[in-house]
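One-letter residues, chain by chain:
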Amino acid sequence: MDECLNKNTFNQNTLPVAYLVCNQTPPSKDKPSLMSFEEVQTLFHEFGHGLQHMLTTINLPQAAGINNVEWDAVELPSQFMENWCFHKNTLLNIAKHYKTGERLSDENFEKLVKNRTFNCGMATLRQLHFAITDLRLHSNIDTNQGKTSDEIRKEITKQTTVIAPIQEDKFLCSFSHIFAGGYSAGYYSYKWAEVLSADAFSMFEEANLEDSQNIQLIGKKFKDTILSLGGSLSALEIFKMFRGREPKTEPLIRHLGLSDSKL
């Protein structure tokens, strides 16, 4: 997803326009283009970015839509939308056999839900390992006490890996995100955005996802804050306007299947 036009009332009242570039499974001789579940998730994800851009109410283009949003909150609207792929009524209303129209079975839906949490503990440790390593490498050089970057990283593995890396491991040589990908001292934003999106979605869960009236009210609040205000205010301030408090990690831990709590 990217922006085509920004909202701008100072220039002939320009309306915001976004576009999605899709790279889905192509059709074959005997089948149309059929989307995998991962492709559906990606479409929902990128559409979330598009919603934030198109539903903005900020007239200054430099802060409208996706512009000027702090790095660690950019993925909030997109990851938020992915949650709807695991909402039974939402998915079953769009997942149908392309020939017969038969809906996705309850059994297959449950498999998708279980697959969501498969190895989530390992995946979470992996992201924490990357994020902590990134922050340590970009912190004050004095705190690293003359250690090499590889020594620092291996020190961190003691708390963030189940199996220690082999002696020949040179992972940092391929960690392009923090050296050439624009994520220097910002890799943590991947996991932090998950915290924000899960906590935002939990507000809908608390109101009962099957209660359409309540969901519409919360959806309007989400639109009027997260999706509307763009980079006009700090991301934390906007989140608190929506959620009524600062972010909590418990909803993400629950979504990952790492908690006994069930909403």
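Residues numbered from 1 in each chain as written. Predicted model: local features only at pLDDT ≥ 70, side-chain atom pairs only at ≥ 80, totals over all residues. Heavy atoms only, no water.

Student: What should I look at first to understand the overall build of the chain in this one?
Tutor: Across its full length, the chain holds 11 helices and 2 strands. Across the chain, helices and strands are ordered from the amino to the carboxyl terminus as β-β-α-α-α-α-α-α-α-α-α-α-α. Counting only C-alpha atoms and orienting by the principal axes, one finds that the chain spans roughly 60 × 50 × 45 Å. Sequence separation of 24 or more characterises 62% of the internal contacts of the chain that already satisfy a separation of 6 or more. Split by element, the accessible area of the chain, about 15600 Å² in all, is 55% carbon and sulfur. For the chain, the centre of its 27 positive side-chain charges and the centre of its 32 negative side-chain charges are spaced 4 Å apart. (Helix = DSSP H or I, 4+ residues; strand = E, 2+ residues; numbered from the N terminus. Contact = heavy atoms within 4.5 Å. Areas by Shrake-Rupley, 256 points an atom, 1.4 Å probe, with all protein chains shown as cover. Lys, Arg positive; Asp, Glu negative; His and termini not counted. Charge placed at Lys NZ, Arg CZ, Asp CG, Glu CD.)

Student: Any chance you could explain the packing of helix H5 (residues 120–137) against helix H6 (residues 149–160) here in plain terms?
Tutor: When two helices pack together, you describe them by how their axes are tilted relative to each other and by the distance separating the axes. Two elements in contact, H5 and H6, have axes whose closest approach is 9 Å; the angle formed by their N-to-C orientations is 145 degrees. Note on packing geometry: the crossing formed by H5 with H6 is right-handed. On H6, the residues touching Leu125, Leu128, His129, Ile132, Thr133, Arg136 and Leu137 of H5 are Ser149, Ile152, Arg153, Glu155, Ile156, Thr157, Gln159 and Thr160. Here the contact of H5 with H6 is composed, by residue class, of 6 nonpolar, 6 polar and 3 charged. (Axes fitted to C-alpha atoms, helices over the stretch in contact; angles between N-to-C directions. Left-handed = near helix turned anticlockwise from the far one by under 90°. Nonpolar A, V, L, I, M, F, W, Y, C, P; charged D, E, K, R; others polar.)

Student: When you look at the packing of aromatic side chains in this model, what are you seeing that I'm missing?
Tutor: One pair of aromatic rings is described through two measures. These are the centre distance and the angle between the planes. Throughout the structure, instances matching the rule amount to 20 aromatic pairs. Seen in terms of ring centroids, Phe130 and Phe171 are 4.9 Å apart; in terms of plane orientation they differ by 10 degrees. Their pairing is stacked. Placement of Phe130 in helix H5 and of Phe171 in the loop between H6 and helix H7 (176–179) is noted, with a sequence separation of 41 residues between them. Since its relative accessible area comes to 17%, Phe171 is described here as buried. Each ring, one from Phe175 and one from Tyr187, has its centre 5.3 Å from the other, and the planes form 75 degrees; the classification is edge-to-face. With Phe175 in the loop between H6 and H7 and Tyr187 in the loop between H7 and helix H8 (189–206), this pair connects stretches of sequence that are 12 residues apart. Residue class for Phe175 comes out buried when judged on its relative accessible area of 3%. What makes Tyr187 buried here is its relative accessible area of 6%. (Phe/Tyr/Trp six-rings, centres within 6.5 Å; stacked < 30°, edge-to-face > 60°. Buried < 20%, exposed > 50% of the residue type's maximum accessible area, 1.4 Å probe, protein only.)

Student: Help me out: how do you make sense of the nonpolar core in this one?
Tutor: Generally speaking, nonpolar side chains in soluble globular proteins are found buried as a group. Of all hydrophobic cores here, the largest spans 35 residues; its most connected members are Phe80, Trp84, Ala200, Phe204, Phe222 and Phe242. If you list the elements that add at least two residues to this core, you get helix H1 (37–54), helix H2 (76–82), helix H3 (88–92), H8, helix H9 (212–224) and helix H10 (235–243). For this core, the element with the most residues is H8, which contributes 5 residues. Not counting residues up to four positions away in its chain, the partners in contact with Phe204 are Phe80, Trp84, Leu209, Ile215, Ile218, Gly219, Phe222 and Phe242. Core analysis: the next-biggest nonpolar cluster, separate from the first, contains 7 residues, Phe130, Ala131, Leu172 and Phe175 among them. (Core = buried A, V, L, I, M, F, W, Y, C linked by side-chain atoms within 4.5 Å.)

Student: Can you walk me through H5 in this structure?
Tutor: In an α-helix, one full turn covers 3.6 residues, which means residues spaced three or four apart are oriented alike. Between its first and last C-alpha atoms H5 spans 26 Å; for 18 residues at 1.5 Å apiece the expected length is 26 Å, and the two agree. Against helix H4 (106–116), H6, H7 and H8 lie the buried residues of H5. (Expected span 1.5 Å × (residues − 1).)

Student: How do you make sense of the side chain of Thr157 when you look at a structure like this?
Tutor: Note on placement: Thr157 falls in helix H6. Of the residues examined, Thr157 reaches a relative accessible area of 5% and is grouped as buried. Beyond its immediate sequence surroundings of up to four residues, Thr157 is in contact with His129 and Pro165.

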